[in-house]
Amino acid sequence: MTRPAEDSAPNAEDVAQLAELLVRTSRRLRRSSMAELGPMGLTGAQARVIRYLVAVRHPARMADIAAALEVVPRTATSVVDDLEAAKLVARATDPRDRRSVLVSLTDEGVLLLDRIAQARRRTAEATFSALSPKQRGELTRLLTVCCGPNDRCGSGGPQPRPAHSRRGH
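Here the structure is a predicted model, which means the values were calculated and not measured.

**Student:** Can you walk me through the side chain of Asp 94 in this structure?
**Tutor:** Note that Asp 94 resides in strand β2 (residues 89–94). If we ignore the near neighbours within four places in the chain, the residues touching Asp 94 are Arg 61, Ser 100 and Leu 102.

**Student:** Can you walk me through the sheet that holds β2 in this structure?
**Tutor:** Spatial ordering of the open sheet is given by β1-β3-β2, a layout of three strands whose pairing is antiparallel. Each end of this open sheet is capped by a strand with a single partner; those strands are β1 (60–61) and β2. Where β2 and strand β3 (residues 97–105) come together, six bridges link them in antiparallel fashion. Looking at β3, one finds that Ala 92 is bridged to Leu 102. In the packing of helix α4 (residues 73–85) onto the sheet, contacts are made with β2 and β3, and the angle to β2 comes to roughly 120°.

**Student:** Before we go on, may I ask you to explain helix α6 (residues 113–127) in this structure?
**Tutor:** An α-helical segment advances 3.6 residues per turn. Residues three or four places apart therefore align on the same side. The end-to-end C-alpha distance of α6, which contains 15 residues, comes to 21 Å, matching closely the 21 Å that a straight helix rising 1.5 Å per residue would cover. Within α6, the full set of buried residues consists of Ile 116, Ala 119, Thr 123 and Thr 127. Along the long axis of α6, the arc covered by the buried residues comes to 65°, so they all point the same way. Lining the buried residues of α6 we find α1 (12–37) and α2 (44–56).

About the criteria used
Residues numbered from 1 in each chain as written. Predicted model: local features only at pLDDT ≥ 70, side-chain atom pairs only at ≥ 80, totals over all residues. Heavy atoms only, no water. Helix = DSSP H or I, 4+ residues; strand = E, 2+ residues; numbered from the N terminus. Contact = heavy atoms within 4.5 Å. Pairing = 2+ DSSP bridges. Axes fitted to C-alpha atoms, helices over the stretch in contact; angles between N-to-C directions. Expected span 1.5 Å × (residues − 1). Buried < 20%, exposed > 50% of the residue type's maximum accessible area, 1.4 Å probe, protein only. Arc of directions from axis to C-beta.

Pasting the structure below:
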(Lines give C-alpha, C1' and ligand atoms only; values in the text may rest on other atoms or scores of the structure.)
Protein backbone atom coordinates (compact mmCIF):
# COMPACT_ATOMS: atom_id res chain seq x y z
CA MET A 1 0.00 0.00 0.00
CA THR A 2 1.43 3.40 -0.93
CA ARG A 3 1.29 6.40 1.31
CA PRO A 4 -0.44 9.61 0.20
CA ALA A 5 1.87 12.24 -1.31
CA GLU A 6 1.51 14.58 1.68
CA ASP A 7 2.86 11.88 3.99
CA SER A 8 5.93 11.16 1.87
CA ALA A 9 9.28 12.15 3.31
CA PRO A 10 10.32 15.66 2.28
CA ASN A 11 13.61 16.06 0.49
CA ALA A 12 16.43 17.98 2.13
CA GLU A 13 15.86 21.01 -0.09
CA ASP A 14 12.20 21.28 0.96
CA VAL A 15 13.14 21.05 4.63
CA ALA A 16 15.86 23.69 4.21
CA GLN A 17 13.41 26.02 2.47
CA LEU A 18 10.85 25.51 5.23
CA ALA A 19 13.46 26.31 7.87
CA GLU A 20 14.50 29.45 5.99
CA LEU A 21 10.89 30.61 5.67
CA LEU A 22 10.31 30.08 9.39
CA VAL A 23 13.48 32.01 10.26
CA ARG A 24 12.47 34.89 7.98
CA THR A 25 8.96 34.94 9.44
CA SER A 26 10.39 34.93 12.96
CA ARG A 27 12.66 37.86 12.10
CA ARG A 28 9.73 39.76 10.61
CA LEU A 29 7.69 39.14 13.75
CA ARG A 30 10.60 40.27 15.93
CA ARG A 31 11.17 43.48 13.92
CA SER A 32 7.46 44.33 13.95
CA SER A 33 7.26 43.57 17.64
CA MET A 34 10.19 45.86 18.41
CA ALA A 35 8.53 48.65 16.41
CA GLU A 36 5.37 48.20 18.51
CA LEU A 37 7.11 47.81 21.89
CA GLY A 38 9.72 50.53 21.43
CA PRO A 39 7.30 53.44 21.99
CA MET A 40 6.26 51.77 25.27
CA GLY A 41 9.91 51.73 26.33
CA LEU A 42 10.03 47.93 26.24
CA THR A 43 12.20 45.31 24.62
CA GLY A 44 10.94 41.93 23.50
CA ALA A 45 12.60 40.25 26.49
CA GLN A 46 10.96 42.69 28.89
CA ALA A 47 7.55 42.02 27.35
CA ARG A 48 8.20 38.28 27.68
CA VAL A 49 8.95 38.69 31.41
CA ILE A 50 5.75 40.67 31.90
CA ARG A 51 3.73 38.02 30.02
CA TYR A 52 5.40 35.28 32.07
CA LEU A 53 4.52 37.00 35.35
CA VAL A 54 0.91 37.23 34.19
CA ALA A 55 0.92 33.54 33.19
CA VAL A 56 2.20 32.29 36.55
CA ARG A 57 -0.26 34.52 38.48
CA HIS A 58 2.07 34.89 41.45
CA PRO A 59 5.51 36.35 42.16
CA ALA A 60 8.18 34.36 40.35
CA ARG A 61 11.70 33.40 41.34
CA MET A 62 14.49 34.83 39.22
CA ALA A 63 15.65 31.30 38.38
CA ASP A 64 12.19 30.46 37.03
CA ILE A 65 12.15 33.63 34.93
CA ALA A 66 15.55 32.72 33.48
CA ALA A 67 14.33 29.19 32.70
CA ALA A 68 11.15 30.51 31.08
CA LEU A 69 13.12 32.91 28.89
CA GLU A 70 15.71 30.19 28.22
CA VAL A 71 18.55 32.51 29.20
CA VAL A 72 21.27 32.43 31.82
CA PRO A 73 20.26 33.89 35.20
CA ARG A 74 22.50 36.94 34.72
CA THR A 75 20.62 37.89 31.55
CA ALA A 76 17.26 37.53 33.32
CA THR A 77 18.61 39.70 36.13
CA SER A 78 19.54 42.44 33.65
CA VAL A 79 16.07 42.37 32.10
CA VAL A 80 14.42 42.51 35.52
CA ASP A 81 16.80 45.33 36.58
CA ASP A 82 15.54 47.41 33.66
CA LEU A 83 11.90 46.58 34.39
CA GLU A 84 12.41 47.49 38.03
CA ALA A 85 14.07 50.80 37.07
CA ALA A 86 10.98 51.53 34.95
CA LYS A 87 8.80 50.68 37.99
CA LEU A 88 7.07 47.86 36.10
CA VAL A 89 8.15 45.07 38.48
CA ALA A 90 9.18 44.87 42.10
CA ARG A 91 11.54 42.49 43.85
CA ALA A 92 11.04 40.99 47.28
CA THR A 93 12.81 38.37 49.35
CA ASP A 94 11.12 34.97 49.20
CA PRO A 95 9.76 34.41 52.73
CA ARG A 96 10.26 30.63 52.30
CA ASP A 97 13.86 30.96 51.13
CA ARG A 98 15.59 34.20 52.05
CA ARG A 99 18.30 33.52 49.45
CA SER A 100 15.74 33.73 46.63
CA VAL A 101 14.23 36.84 45.13
CA LEU A 102 10.64 37.01 43.96
CA VAL A 103 9.57 39.30 41.13
CA SER A 104 6.04 40.62 40.72
CA LEU A 105 4.28 43.13 38.52
CA THR A 106 3.63 46.59 39.92
CA ASP A 107 0.42 48.49 39.24
CA GLU A 108 2.29 50.30 36.44
CA GLY A 109 3.28 46.94 34.94
CA VAL A 110 -0.30 45.70 35.05
CA LEU A 111 -1.42 48.84 33.23
CA LEU A 112 0.81 47.90 30.27
CA LEU A 113 -0.74 44.45 29.80
CA ASP A 114 -3.47 45.54 27.39
CA ARG A 115 -1.04 47.64 25.35
CA ILE A 116 1.39 44.71 25.11
CA ALA A 117 -1.42 42.34 24.05
CA GLN A 118 -2.65 44.83 21.44
CA ALA A 119 0.87 45.29 20.09
CA ARG A 120 1.32 41.52 19.85
CA ARG A 121 -2.01 41.18 18.05
CA ARG A 122 -1.16 43.97 15.56
CA THR A 123 2.23 42.38 14.86
CA ALA A 124 0.68 38.96 14.24
CA GLU A 125 -2.10 40.40 12.09
CA ALA A 126 0.36 42.31 9.93
CA THR A 127 2.64 39.29 9.53
CA PHE A 128 -0.11 36.79 8.75
CA SER A 129 -2.53 39.09 6.89
CA ALA A 130 -1.93 37.29 3.58
CA LEU A 131 -3.36 34.08 5.06
CA SER A 132 -7.07 33.33 5.25
CA PRO A 133 -8.51 32.45 8.66
CA LYS A 134 -8.57 28.79 7.54
CA GLN A 135 -4.89 28.95 6.51
CA ARG A 136 -3.98 30.58 9.83
CA GLY A 137 -5.74 27.77 11.66
CA GLU A 138 -3.89 25.17 9.59
CA LEU A 139 -0.54 26.87 10.19
CA THR A 140 -1.26 26.95 13.92
CA ARG A 141 -2.17 23.27 13.85
CA LEU A 142 0.98 22.33 11.94
CA LEU A 143 3.31 24.35 14.14
CA THR A 144 1.68 22.87 17.23
CA VAL A 145 2.53 19.43 15.85
CA CYS A 146 6.18 20.51 15.58
CA CYS A 147 6.31 22.20 18.97
CA GLY A 148 3.97 19.95 20.88
CA PRO A 149 0.75 21.11 22.54
CA ASN A 150 2.40 21.93 25.87
CA ASP A 151 5.58 23.50 24.54
CA ARG A 152 5.96 27.24 25.07
CA CYS A 153 6.27 27.90 21.35
CA GLY A 154 2.70 26.75 20.76
CA SER A 155 1.09 28.97 23.35
CA GLY A 156 1.93 32.51 22.44
CA GLY A 157 4.46 33.25 25.14
CA PRO A 158 6.49 32.07 28.04
CA GLN A 159 4.75 29.54 30.20
CA PRO A 160 5.28 28.80 33.85
CA ARG A 161 7.64 26.01 34.66
CA PRO A 162 7.38 24.11 37.91
CA ALA A 163 9.42 25.67 40.69
CA HIS A 164 12.61 23.81 41.41
CA SER A 165 12.33 21.97 44.67
CA ARG A 166 15.17 22.08 47.12
CA ARG A 167 16.42 18.96 48.83
CA GLY A 168 15.40 18.57 52.42
CA HIS A 169 12.36 20.83 52.11
